[in-house]
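A structural walkthrough
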Amino acid sequence: MAASETNSTAEALALSALVWTLGDPARASRLLDTTGLDPAELRARAGDPALLAATLGFLEAFEPDLIACAAALDVKPTELVAARATLEHA
């Protein structure tokens, strides 16, 4: 798989994870608190690989969320971890 295709796949998965994260008000609030962003900044930067990687890192930091997100997206938790690594090196 070409690097740009790998990055696109990682971005798409991370964006889905971001949407999942924001679907729960308490989890969304924790993400905003952790990143220091407000909702407007989050919307403006939703496609930013650094923000997407941070979102995946946020999920990794609390394994129950990582596992629940992976299950909701029908992927393995390791795929979310790999997507974060890809985005961090994009």
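What counts, and at which threshold
Residues numbered from 1 in each chain as written. Predicted model: local features only at pLDDT ≥ 70, side-chain atom pairs only at ≥ 80, totals over all residues. Heavy atoms only, no water. Helix = DSSP H or I, 4+ residues; strand = E, 2+ residues; numbered from the N terminus. Rg over C-alpha atoms; globule rule 2.2 N^0.38 Å. Buried < 20%, exposed > 50% of the residue type's maximum accessible area, 1.4 Å probe, protein only. Areas by Shrake-Rupley, 256 points an atom, 1.4 Å probe, with all protein chains shown as cover. Lys, Arg positive; Asp, Glu negative; His and termini not counted. Charge placed at Lys NZ, Arg CZ, Asp CG, Glu CD. Expected span 1.5 Å × (residues − 1).

**Some remarks on the overall build of the protein**
Along its length, the protein carries six helices and zero strands. Listing the helices and strands of the protein from first to last along the sequence gives α-α-α-α-α-α. For a compact globule of 90 residues, the expected C-alpha radius of gyration is about 12 Å, and the protein comes in at 12 Å, within 12% of that figure. Once the C-alpha set of the protein is aligned to its principal axes, its extents read approximately 35 × 25 × 15 Å. Counting every position in the protein, which comprises 90 residues, the buried fraction comes to 33%. Carbon and sulfur atoms make up 58% of the accessible area of the protein, which totals about 5,000 Å². Averaged over its 6 positive side-chain charges, the protein has a centre that lies 2 Å from the centre of its 13 negative ones.

**Brief notes about helix α4 (residues 49-60)**
Helix length check: α4, at twelve residues, gives a terminal C-alpha distance of 16 Å against a target of 16 Å (1.5 Å per residue), a fit within 8%. Residues of α4 that are buried include every one of L51, L52, A53, T55, L56, F58 and L59, and no others.

Just distances and angles here, no functional claims.
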